[in-house]
Amino acid sequence: MLKKIFRFLLPFIILIIAILGAILLINTKEEPEQKDEAITLQVVEVITAKPQTESLNLPSYGVVQPKYKTQLVTEVQGRLLALSPAFVAGGIVKQGQQLAQIEPSDYQADLMQAEAGLAQAKAILDEEIARGEVAKIEFKDFDGGVAPELGLRIPQLKKEQANVKSAQAALARAQRNLERTIIRAPFDGIIKERSVDLGQYITLGTKLGELYDINVAEVRLPLANEDLAYLESIENPDTSVTLTSSLAGKNVSWVGKIIRNENVVDEQNRMVYLVAEINDPYMQKQADMSKLPLKYGSFVTAVIKGRSVNNIVKLPRFVVRNNQVAIIKQDNSVEMRSVNIVRTDVDHVFIKDSLTTGERIAISHVSALRTGQKVKVLGEQTPDTIETPASKSDQTSQQNVAGDA
């Protein structure tokens, strides 16, 4: 009977012992040690503001083209007798250099015929002059007053003089046609293409090829209409421009000059075009082996020198977010400051009258910074963390737990 009662009461006895043990442990536990909470500081890299006078340069782009280009055409006809080795695509030729020759025999014959015609006209003129002298003698004692012009052979003399002039003109034409059988380069240039072959019969006006001038190159540079305000002069934008292109695996730069504004807004892209000029693009007049020629057809990026503005701070473009920059004050707290942006380009932002000399500007983790936030500046010897006391709410919650226990 006692065993049955003990088995029945055993679970209650175990439960009562467990409750008493728990109460004993709670009443005898020590208070938790209150530790200061450590806050890790954000490490940022900074640069120092240096207001100075800056040229508000304008970026653009374009394709290099010759200032002058011409099609070589024939002014006479005949069979193509000879071609110069330089008369090939890519060949560089000098002004007056022979490029091709047309069979000249017919034009040599025309020249001989014109020379003979002139000699004959001169002989007839001399004969007529002699006849006029004889007529003057015959009419010397003419009793009828002034001798008639016909009697003195004056009209006949004028006729023969006109014949001589006509023969001279025919001779000059024959000489020119003979000279035109040799096709020469009208200026220093590079052969863009050749359209004829040796032995081909060509007629008057046949296109022989195309020649590009190599003394001066041009590049049309588009600008947005509002960007013209950054030029020293809109109507006469006499300023320098730096052109850059990738040649032979490296970036090469050339310096040119803006010579004119086309003064027309393009109907397709609403841009205004400036024209840059580069002298001696193929390096024919200067022997600088360290530079490469600026070849026609090359795509170039351009930086046009704009007007100068004072008190400008130039910053990397990624530093500015929503027209604000993160200023790191002396106590290493953050100030998000709105700035006056006067111009931006591909890589930089130009800020005016917003920053003073020596102010520190964060250039890393810009998007994560907030006004009043404490940071650590890269390179400064300052603690990496800030210790702050535990909050009142934490202390209160701990006391409540002890009280409940």
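Above this text sits the structure in question.
In short, a report on the structure.

Reading the values: the criteria
- Residues numbered from 1 in each chain as written.
- Predicted model: local features only at pLDDT ≥ 70, side-chain atom pairs only at ≥ 80, totals over all residues.
- Heavy atoms only, no water.
- Core = buried A, V, L, I, M, F, W, Y, C linked by side-chain atoms within 4.5 Å.
- Buried < 20%, exposed > 50% of the residue type's maximum accessible area, 1.4 Å probe, protein only.
- Helix = DSSP H or I, 4+ residues; strand = E, 2+ residues; numbered from the N terminus.
- Contact = heavy atoms within 4.5 Å.
- Pairing = 2+ DSSP bridges.
- Axes fitted to C-alpha atoms, helices over the stretch in contact; angles between N-to-C directions.

**Here we look at the nonpolar core**
Now for step 1: Core analysis: the biggest nonpolar cluster contains 32 residues, and Leu221, Val241, Leu243, Tyr296 and Ile304 have the highest contact counts within it.
Now for step 2: Contributions of two or more residues to this core are made by β5 (58-66), β14 (216-224), β15 (240-247), β16 (250-265), β17 (271-279), β18 (299-304) and β19 (308-316).
Now for step 3: In this structure Leu221 touches Ser60, Tyr61, Gly62, Val241, Ile258, Val272, Tyr273, Leu274, Ala276, Ala302 and Ile304, once residues within four positions along its chain are discounted.
Now for step 4: Judged by nonpolar contacts, the second largest core, of 18 residues, contains Ile102, Ala185, Ile191 and Leu211.

**A closer look at the sheet that holds strand β11 (residues 189-194)**
Now for step 1: Ordered by their spatial adjacency, 4 strands build an open sheet running β6-β13-β11-β8, and the pairing between neighbours is antiparallel. Among the strands making up the open sheet, the edge pair consists of β6 (69-73) and β8 (92-93).
Now for step 2: Pairing between β8 and β11: 2 bridges, direction antiparallel. Residue pairing for β11: Val93 is matched across the bridge by Gly189.

**Regarding the pairing of β17**
Now for step 1: In terms of burial, β17 is largely enclosed, as 8 of its 9 residues are buried.
Now for step 2: Note that β14 and β17 share 9 bridges and pair antiparallel. Of the residues in β17, the one forming a bridge with Ala217 is Ile278.
Now for step 3: Counted between consecutive antiparallel strands, the loop separating β16 from β17 contains 5 residues, among which Arg270 sits at a positive phi close to 60 degrees.

**A short note on the environment of Leu223**
Now for step 1: Within the secondary structure, Leu223 sits in strand β14.
Now for step 2: Sequence separation of Leu223 and Ser60 is 163 residues, and the distance between their C-alpha atoms is 6.6 Å.
Now for step 3: When near neighbours in sequence (up to four residues on either side) are disregarded, Leu223 contacts Leu58, Pro59, Ser60, Leu228, Met271, Val272, Leu274 and Ile304.

**Examining the sheet that holds strand β21 (residues 334-338)**
Think of a sheet as strands paired side by side through backbone hydrogen bonds, with each pair either parallel or antiparallel.
Now for step 1: Sheet architecture is open: 4 strands sit in the order β3-β24-β20-β21, paired in antiparallel fashion. Edge positions in the sheet fall to β3 (46-48) and β21, since each of these pairs with one other strand and no more. When strand polarity is set aside, the average angle formed by the axes of neighbouring strands in this sheet is 40 degrees.
Now for step 2: Inspection of the sheet shows strand β20 (residues 324-328) paired to strand β24 (residues 360-362) by 2 bridges, in the antiparallel sense. Residue pairing across strands places Ile327 opposite Ile361, the latter belonging to β24.

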